[in-house]
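# Close look at the chain arrangement
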Amino acid sequence: MGRDERFPVWEAALGAGVAAAFAAGLVGVYLSMPDSDYSFLKLPRNLEELQILTGHLENYTSDYTLQVLVGYCVVYIFMQTFMIPGTIFMSLLAGALFGQLRGLALVVFAATAGASSCYFLSKMIGKPLVFTLWPDKLSFFQRQVAKRREKLLNYMLFLRVTPTLPNTFINLASPIVDVPYHTFLLGTLIGLIPAAYVTVRAGIALGELTSLSDLYDTQSIALLFLIGVVSVTPALLGKDKAQEKPSEMAVGTS
């Protein structure tokens, strides 16, 4: 069995070490909070659980702001790093607890940090997983990255703004198809802002939400796609110009 087909022990140990570091951070936050019943502290899986969690955390946020912030970031980054579903509820929670501007900054920071952590973890141990779960998507992504190498940032912005490819897949596959980290970082940091803005804004009126489908109305979806088209246009124009040059050279030599 080749090296790329198995998980070396040291890499598995590294992944476990990362998880342990996150767990230690959560334990530290928990121990620094006042004595109380924390049975409500669990990852929300639906809007009802999120509303219950928000109601309890609002009582602590003003007096224990630092602990809540650190705990929030650790949980969000952990979820992003290890592909745990539910970060959309965490984004809603940021809006409910911290308001529009602070909530947006918090979500963009935590989401970018979590995506970066996933990027580097995948760079070390992710290749077998991505090849197994998404072989076709990986081939498609690799071809697109190769074609848009000169305007790769625009393409990454397009992917982050629009639901063309899942964010989890982008985080895992980017190092495998040789997307440079600085391009990945900028594309993630900037590209996540529009969707984060919509979600955080919805979190401010969390009590009025009845389902996740209420988050994205027709206007919001149209705006996200418009931003995505604008971001990818330079890459498409660059591609067309590159195709025109060989044609002009061929005409000139004939």
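Below, the structure is looked at part by part. Computed from a prediction, not measured in an experiment: that's the story for all the values here. (Residues numbered from 1 in each chain as written. Predicted model: local features only at pLDDT ≥ 70, side-chain atom pairs only at ≥ 80, totals over all residues. Heavy atoms only, no water.)

## Considerations on the overall build of the protein
For clarity, the cut-off: For the purposes of this entry, the term helix denotes a DSSP run of H or I that reaches at least four residues, the term strand denotes a run of E that reaches at least two, and both are numbered from the N terminus. Contact definition: two residues touch when any of their heavy atoms are within 4.5 Å. Areas reported as accessible are Shrake-Rupley estimates using a 1.4 Å probe. Residue values count occlusion only from the protein chains shown.
Along its length, the protein carries 12 helices and 0 strands. The order of helices and strands in the protein, counted from the N terminus, is α-α-α-α-α-α-α-α-α-α-α-α. When contacts within the protein are restricted to residue pairs at least 6 apart in sequence, long-range pairs at least 24 apart make up 77% of them. Accessible surface, the protein: about 13,700 Å² in total, of which carbon and sulfur atoms supply 64%.

## A word on the side chain of Thr81
Basically, it comes down to this: For every residue, the accessible area (1.4 Å probe, protein chains only) is compared with the maximum for its type, and the residue is labelled buried under 20%, exposed over 50%, or partly exposed between those bounds. Whenever two N or O atoms come within 3.5 Å, that pair is a polar contact, provided that in protein one can donate a hydrogen and the other can accept it, and provided that, for residues adjacent in sequence, both atoms are side-chain atoms.
Structurally, the position occupied by Thr81 is in helix α3 (residues 65-81). Accessibility expressed as a relative area gives 2% for Thr81, which makes it buried. There is a polar contact of 2.7 Å between the side chain of Thr81 and the backbone oxygen of Ile77.

## Looking at a nonpolar patch on the surface
Using the following cut-off: Like charges are joined within 9 Å and nonpolar side chains (Val, Leu, Ile, Met, Phe, Trp, Tyr) within 5 Å, but only among residues with over 30% relative accessible area and no salt bridge; these make up the patches. Salt bridges are defined by distance alone: a side-chain nitrogen of Lys or Arg within 4 Å of a carboxyl oxygen of Asp or Glu.
Taken together, the side chains of Leu153, Leu186, Leu189 and Ile190 define a hydrophobic patch exposed on the protein surface, amounting to about 300 Å² of accessible area. The leading source of residues in the nonpolar patch is helix α10 (residues 181-191), at 3 residues. Assessed through its relative accessible area of 36%, Leu189 is described here as partly exposed.

## Some details on the environment of Asn154
Along the chain, the position of Asn154 falls in helix α8 (residues 152-161). Of the residues examined, Asn154 reaches a relative accessible area of 18% and is grouped as buried. Placed 33 residues apart in sequence, Asn154 and Gly187 show a C-alpha to C-alpha distance of 7.6 Å.

## Thoughts on the packing of aromatic side chains
In plain terms, the rule: Centres within 6.5 Å make a pair out of two Phe, Tyr or Trp rings, where for Trp the six-membered ring is used; the pair is then stacked when the planes are under 30 degrees apart, edge-to-face when over 60, and tilted otherwise. Two limits define a charge over a ring: the Lys NZ or Arg CZ must be within 6 Å of the ring centre, and within 35 degrees of the ring normal.
Applying the stated criterion to the full structure yields 10 aromatic pairs. Each ring, one from Phe78 and one from Phe82, has its centre 5.0 Å from the other, and the planes form 45°; the classification is tilted. Using a relative accessible area of 24% as the deciding quantity, one classes Phe82 as partly exposed. One aromatic cluster in this structure is built from Tyr119, Phe120, Tyr181 and Phe184. Between Arg148 and the ring centre of Tyr155, over which it is positioned, the NZ or CZ distance is 5.1 Å.

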